[in-house]
Amino acid sequence: METKISRRFFLKASSIAGGGMLLSFSLLSQDAAAQGVEDIEATINSYIKITGDGKIILMAPNPEIGQGVKTSLPLIIAEELCVDWKKIEVELAPLDSKYGSQRAGGSGAIRSRFAPLRTVGAAAREMLISAAAQTWDVPTSECTAEDGTVTHKASGKKLTYGELATKAATLAVPENPTLKDPKDFKYIGKRIGDVDADKIATGKPLYGIDTRKEGMLFTMVARPPAYGKTLGSVDDSAALKVDGVKKVVKLDNSVAVLATSTWATKKGRDALVIKWETSDKLENTSEHFAGFKELLEKGTTSYSRNDGDVDAAKQNAAKILDVTYEIPTLSHGQMEPLNFYADVRDGKADLYGPTQVPERVKRDISKQLNIPEDNITIGVPRQGGGFGRKLMDDSAVEAAIISAKAQSPVQVQWTREDDMQNDFYRPSKMYRYRAALSTDKLLTWHQSGVAIGRGVRGDSYVAGALENYRSDSQGYSSNTPTGWWRAPGANSLAFPAESFMDEVCIALKKDPVDFRLEFFEKAKKEPIGKINYDPDKYISVVKLVSEMANWGTTPPDVYRGFATWYSFGSYAAQVVEIKMIDDKPRVVKVFCAVNCGTVINLSGAENQVQGAIVDGICHAMFPKVTFVDGAVVETNFDKYKFLRMKDAPLDIEVKFVDSNDAPTGLGEPALPPVAAAIANAIFAATGKRIRSMPIADHLA
């Protein structure tokens, strides 16, 4: 495979002080504009730096929120560069437009950078080989690169990359670097340890919450206690008397307390006397679901998809299924509560903290404080979870505003209660599913959804494989803030869609695996309208997981459920095994097959799938957010219950479909199907159909 590099892609190869090579490139620059070595060194606008003493530094451009990109992105370069992975250093890249889009979300980092990063590594490798060939006055075809050295096969001569780097930096960047054949991969597809594993295991400072800088004041903010409340009067006299409290800063709708320690700022915030005024409706969760039900019963003729004639076809039905499913509001609940450091003074802003969207942080701070973007620096540490919450930049912008008003560097620290009450939640939803059945066939499928805000998103794989398919969506007006949550859309749609498919299978006396395979074959051979998925890839994971679980044979005292889903370009199929212990279900094993194209880091990929499954089990079983008069009831983990070790599956077996296709998303696709697989297993065990989450509410 060959890839042509345009001058829009690469900037230049440069020598560095003391000898060595710096290969810098841009996904945005329009030409090969000259750039001084000193400027490059100052901003570290590179992906590969090879020093004269042989040190190799690779940059990881996207935020690391636990998805493993700090390891996997440089690994792609290392594969093509032919370096010893154990001898390289990996750094998180600073925010700079020359790295292209630097964000974490939508399982997009590997998908968007796989080909460019392979090209970077291949180009550097060819430049180093050329430098060696010129040194020895031999053809490049007689030279090979391996483990950070170039060897002349005929003479046995060897030079390290460090010895060649300075000369290589003077050569032209190749326009058509040849990429490795996948069969020759040494690292891609193998198990590679996370580059931060030691620091994580030993508790070394890694995260934004660890930030400590000279002159920094610890800060907590009093925000409205309910949606629909706004700031009224403030009496800060008692707060200012708390030992360690230095300042109280009033913002538009909140109050910040700045102190010399976290404890002092918390005590100072607790001492504030604030009158909160009611400015909007104080909403309740019970009202939300009553409103959803009313909208679903009223219906709509505004369809997002309407294949065939659902109304006519159902006239011939032997049976009609008509059921509703409920999805609760969820918080993100990341282990590292929100925090951000900001120092805004003298027309400049320096920020450091956890965010999935550093570019947006810079842009919004520039607008809020009227500071040129060139005067704003954003540092992004490894993050203790994000799951979509840190796609919002409110915590960073708030910290910048507080620092600007106080004229002091601050670290704004959120408590767990702050996090839970001031989230951008996964919205609650209600789905209505209707199906018309003959004695042995599914005739129609009608999916209706209502959700807070923008309505529901997406269709199931039934769309495109069934002659009579209809879907519609309505939004419910609310002052509850909503946002993206891990596997947006799919995280809630898969549960009702795959549970209802199981209901259809039971009614038709069809095997759940065979019935789905029939759909995919129909979509492949006789598609109805637009197909938004790849039937062959769906078939690949369904067949693989059925083989893994030996579907059709069930161990004694074990009950099984099956589900599958597609999101972010990847396909996942799962079989969940449960046992009934004291009349309650216990997940004992999950089989999961995934088709995600080329697997970069096998151990990291397994970790992503296993983590998504555990996360999916957790949020299917236990937590929910309830609003009473605009306030969140579940403000900490004592009420917003997470999965405990005793409830985690005893085993999760993961296999990937062999593929040389480009990588697709992996941080999210294994989460959506697991809730339905659990519910379907519970039905197999008890005959009880679970149609709302959290499942634990049905097991008391």
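Residues numbered from 1 in each chain as written. Predicted model: local features only at pLDDT ≥ 70, side-chain atom pairs only at ≥ 80, totals over all residues. Heavy atoms only, no water.

Q: For this particular structure, what's the right way to read the sheet that holds strand β9 (residues 217-222)?
A: To summarise the sheet geometry, strands pair through backbone hydrogen bonds and adopt either a parallel or an antiparallel arrangement. What the 7 strands build is an open sheet, ordered β11-β12-β9-β19-β16-β17-β18; its pairing is mixed. The sheet is open, and its two borders are formed by β11 (245-250) and β18 (376-379), each paired with just one other strand. Recorded for the sheet is a direction-independent mean angle of 20° between the axes of neighbouring strands. Its contacts with the sheet put helix α10 (residues 358-369) on β16 (339-345), β17 (348-352) and β18, and the angle it makes with β18 is roughly 145°. (Pairing = 2+ DSSP bridges. Helix = DSSP H or I, 4+ residues; strand = E, 2+ residues; numbered from the N terminus. Axes fitted to C-alpha atoms, helices over the stretch in contact; angles between N-to-C directions. Contact = heavy atoms within 4.5 Å.)

Q: Explanation requested: the pattern of salt bridges in the structure shown.
A: It is possible for side chains bearing opposite charge to pair when their charged atoms get close. Scanning the entire structure with this criterion turns up 41 salt bridges. Across the pair D394 and R389 runs a salt bridge, and its minimum N-O distance is 2.9 Å. Taking relative accessible area as the criterion, D394 reaches 24% and is therefore assigned partly exposed. With a relative accessible area of 1%, R389 lands in the buried category. (Salt bridge = Lys/Arg side-chain N within 4 Å of Asp/Glu carboxyl O. Buried < 20%, exposed > 50% of the residue type's maximum accessible area, 1.4 Å probe, protein only.)

Q: Sorry, what's going on with the packing of aromatic side chains here?
A: When we look at a pair of aromatic rings, we describe it by the centre distance and by the angle of the planes. In total, this model carries 24 aromatic pairs according to the counting rule given. Members of the aromatic cluster, each reached through a chain of ring pairs, are Y461, F520, Y533, Y538, W565, Y566 and Y571. In this arrangement the basic side chain of R223 is found over the ring face of W414, its NZ or CZ atom lying 3.8 Å from the centre. The ring of F683 carries the charged tip of R689 above its face, separated from the ring centre by 4.0 Å. (Phe/Tyr/Trp six-rings, centres within 6.5 Å; stacked < 30°, edge-to-face > 60°. Lys NZ or Arg CZ within 6 Å of the ring centre and 35° of its normal.)

Q: Looking at this model, I keep getting lost on the sheet that holds strand β7 (residues 149-152). Mind explaining?
A: Ordered in space as β6-β7-β8, the 3 strands form an open sheet in which the pairing is antiparallel. Pairing within the sheet leaves two strands with one partner each, and these edge strands are β6 (143-146) and β8 (158-160). Strand-to-strand, the axes of this sheet are offset by a mean angle of 20°, without reference to chain direction. Relative to β8, β7 runs antiparallel, the two sharing 3 bridges. Residue pairing in the sheet places V150 in a bridge with L159 of β8.

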